[in-house]
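Below, each chain spelled out in residue letters.
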Amino acid sequence: MNLDQLIRAAAAGDQAAWNELVERFQGLVWATARSFRLSRADAADVAQTTWLRLVENLDRIREPERLAGWLATTARREALRHLRLHGRELASDEADLFESPVDDPLEVALLAEERDTTLWRAFAQLSERCQTLLRLLVSEDEPSYEAIGAALEMPIGAIGPTRMRCLDKLRAFVGADSALQGGAA
Amino acid sequence: MNADANDELFEELRSVLHRTDPVPAEVTDFAKTALGWRRLDAELAELLEDSALESEAHALARGTAGVRSLTFRSDELTIDVEVQPGMLLGQLAPAAAATIELQVENGDVAASAESDALGRFRLPVEGDGRFRLRVLRPGASAVETSWFSI
């Protein structure tokens, strides 16, 4: 089934069609929900609300090809709403500088390789915008630039250059971290 | 040169993020189950305004700073809701005699109320979570609001 057919079938109650939609777009929704540096627990709430919004609107979608963009816009708005209503643990970017970037025990435990830990630390030092963009880009094999633009409120033409800039910064942070640990020298 | 190095770094990052930050299973399960909550016999009153998304300056200008207010709209009905401690204060426009049900996520009705002649209603609400309202007017089709969190 193509996207249009999946949406129509799901709107009529076809659970298999709906599951396929969830599996196709859940990476995008999750990556967007994690923007504004929301924790996994907060992002889970945001992602769930986003899926409820889609269920509410299933019978009103007129342009199936814009579904990815709609989901990203919705998840971004719900993330912002969550942030306004509940705040978050890290209050400001400045606070981040003094926090250990790797503070989730689950995440630390999973990073067996030193190289992975270095990369994760470097990623955590990136700006929120870079983090979200890179999360969105890795969330799918063929990411929709329209959806990413919607998630970040970024012109589509700026995505490629920004991706390059964010990766340059990431590489610089990785280099600095390796140098500090003296491993490479 | 940099482009190649960046592509390699990008693939490494993909692998790290997939391992450390996968979509939680409870989100996938919730999303799949959510199809069961689609409206079958009601019109949607969409959440159009939420004071939580307004700037503070805007809220101050409207005199609503500190009070959460929500506006839902269907083709023919507007539902304004103010979130107060332990209760929701609502207003239907146009004013109508109606039964308003407060639904919680499992589909149960947590509370219900009748609106008065001016379309006002009051619903007790316990704790926080996701809710939606279902408005039943004699001789008109049911209206259900978007889900909202308080």
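Going by the structure above, here's the rest.
Residues numbered from 1 in each chain as written. Chains lettered and ligands numbered in written order. Predicted model: local features only at pLDDT ≥ 70, side-chain atom pairs only at ≥ 80, totals over all residues. Heavy atoms only, no water.

(A) Representation of the packing of helix α4 (residues 67–86) of chain A against helix α9 (residues 145–152) of chain A within the structure. Residues and elements named next belong to chain A. Here α4 crosses α9 at 20°, and the two axes come no closer than 8 Å. Accordingly, the angle class assigned to the pair α4 and α9 is roughly parallel. The handedness of the crossing between α4 and α9 comes out as right-handed. Facing Ala68, Gly69, Ala72, Thr73 and Arg76 of α4, the residues of α9 in contact are Ala147, Ala150, Ala151 and Leu152. When its residues are assigned to classes, the contact of α4 with α9 shows six nonpolar, two polar and one charged. (Axes fitted to C-alpha atoms, helices over the stretch in contact; angles between N-to-C directions. Helix = DSSP H or I, 4+ residues; strand = E, 2+ residues; numbered from the N terminus. Parallel < 35°, antiparallel > 145°, perpendicular 65-115°, else oblique. Left-handed = near helix turned anticlockwise from the far one by under 90°. Contact = heavy atoms within 4.5 Å. Nonpolar A, V, L, I, M, F, W, Y, C, P; charged D, E, K, R; others polar.)

(B) A look at the pattern of salt bridges. One pass over the structure, following the stated rule, counts 28 salt bridges over all chains. Here A:Asp116 ties to B:Arg19 by a salt bridge, and the two come within 2.8 Å at their closest N and O atoms. With A:Asp116 in helix α7 (residues 114–125) and B:Arg19 in helix α1 (residues 2–20), this pair bridges two chains. Look at B:Arg19 and you get partly exposed, because its relative accessible area is 35%. (Salt bridge = Lys/Arg side-chain N within 4 Å of Asp/Glu carboxyl O. Buried < 20%, exposed > 50% of the residue type's maximum accessible area, 1.4 Å probe, protein only.)

(C) Summary view of the state of the cysteines. Residues and elements named next belong to chain A. Counted according to the given criterion, the structure contains one disulfide over all chains. Here Cys130 engages in a disulfide with Cys166; their sulfurs sit 2.1 Å apart. Handedness here is read from the sign of the S-S torsion; for Cys130 and Cys166, about -80°, the answer is left-handed. Of this pair, Cys130 sits in helix α8 (residues 128–138) while Cys166 is found in helix α10 (residues 156–181), placing the two residues 36 residues apart along the sequence. As far as the burial class goes, Cys130 and Cys166 line up, both buried. (Disulfide = S-S within 2.5 Å.)

(D) Quick peek at the interface of chain A and chain B. In this assembly, 55 residues from chain A lie in contact with 42 residues from chain B. Our count for the contact surface shared by chain A and chain B stands at 11 salt bridges. Notably, a salt bridge pairs B:Arg130 with A:Asp45, separated by 3.0 Å at the nearest N-O pair. For the interface between chain A and chain B, the tally reads 31 residue pairs in polar contact (both at pLDDT 80 or more). Of all the elements in the fold, those that place two or more residues in the side of chain A that touches chain B are α1 (3–11), α2 (15–33), α3 (40–57), α4, α6 (105–110), α7, α8 and α10 of chain A. (Polar contact = N/O pair within 3.5 Å; in protein donor to acceptor, adjacent residues only side chain to side chain.)

(E) Main features of the pairing of strand β2 (residues 68–73) of chain B. Residues and elements named next belong to chain B. Where burial is concerned, most of β2 is hidden: five out of the six residues are buried. Relative to β2, strand β1 (residues 42–50) runs antiparallel, the two sharing four bridges. Residue pairing for β2: Glu49 is matched across the bridge by Thr71. Across six bridges, the pairing between β2 and strand β3 (residues 78–84) is antiparallel. Bridge assignment links Thr71 to a residue of β3, and that residue is Asp80. Between the antiparallel neighbours β2 and β3 lie four residues. (Pairing = 2+ DSSP bridges.)

Bear in mind that shape data such as this cannot, by itself, settle questions of function.
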